[in-house]
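Structural characterization, general
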Amino acid sequence: MQPLIDHARRFGQRPEEFAPFAQGQSPAALFITCSDSRVVPALITGARPGELFELRTAGSIVPPYAGAAPTGETATIEYAVEVLGVRDVVVCGHSHCGAVGALVRGDDLSAVPAVRDWLAHAAPEGTPGRPDDPAVADAVRGHVLAQLLRLRSYPCVERRLAAGELRLHGWFYEVHTGAVSAYRSESDSFESL
């Protein structure tokens, strides 16, 4: 922890660099990805402060839209789309994802009931994949597409898509290589960026 504290002390000693951020934010994209510590959106994209609005959830999960019972995830998506007016939304899954791996393997998650309930609530039924593949690459790619489909059911997203004011992107990040691929509907496959 000490290296993190030391960096935070040095980081706060340059107020002139941060003063412009008090004027507000205007991010270009909403970046939805996993809470996994190996996935760092600004590092992957090269984004500077104010350029990405981030939503990090266990397993890069977009929960089903529930207007009557809003969640923090739903509020974040709605705020990014309606208030900030982002033009792009990226759902980025990653290799070696523990959440997707647990779904593929059918792991017993009774010791972590909140995780179990989150995955059961938000994951598509029967996540396909090879239980013997530690990268769970195919399963994660399928999972990303399922999250994009779920995102389309949000009224604010549906409205902005219909108006041609929003684009959705599915990405797959390899934690062991740093490579990023994007889903291309023309080929129905993930291809290198």
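Scroll up for the structure.
Everything in this summary refers to the structure shown in the same document.

Conventions used here
- Residues numbered from 1 in each chain as written.
- Predicted model: local features only at pLDDT ≥ 70, side-chain atom pairs only at ≥ 80, totals over all residues.
- Heavy atoms only, no water.
- Salt bridge = Lys/Arg side-chain N within 4 Å of Asp/Glu carboxyl O.
- Buried < 20%, exposed > 50% of the residue type's maximum accessible area, 1.4 Å probe, protein only.
- Helix = DSSP H or I, 4+ residues; strand = E, 2+ residues; numbered from the N terminus.
- Phe/Tyr/Trp six-rings, centres within 6.5 Å; stacked < 30°, edge-to-face > 60°.
- Lys NZ or Arg CZ within 6 Å of the ring centre and 35° of its normal.

So, about the pattern of salt bridges. By the definition in use, this model includes 8 salt bridges. Among the salt bridges present, the one from Asp 36 reaches Arg 38, with a minimum N-O distance of 2.6 Å. Residue class for Asp 36 comes out buried when judged on its relative accessible area of 16%. Overall, Arg 38 belongs to the partly exposed group, its relative accessible area being 39%. The salt bridge partner of Arg 167 is Asp 88, with a shortest N-O separation of 2.8 Å. Taken together, the residues Arg 167 in strand S4 (residues 167–173) and Asp 88 in strand S3 (residues 88–94) connect sequence positions 79 residues apart. Accessibility expressed as a relative area gives 14% for Asp 88, which makes it buried.

Enumeration over the complete set of coordinates arrives at 6 aromatic pairs. Relative to Phe 18, the ring of Phe 11 has its centre 4.9 Å away and its plane inclined at 55°; by these criteria the two rings are tilted. Owing to a relative accessible area of 38%, Phe 11 belongs among the partly exposed residues under this scheme. With relative accessibility at 26%, the residue Phe 18 sits in the partly exposed group. Site record: aromatic cluster; members linked through ring pairs are Phe 11, Phe 18 and Phe 21. Over the aromatic face of Phe 172 sits the side chain of Arg 141, whose NZ or CZ is 4.4 Å from the ring centroid.

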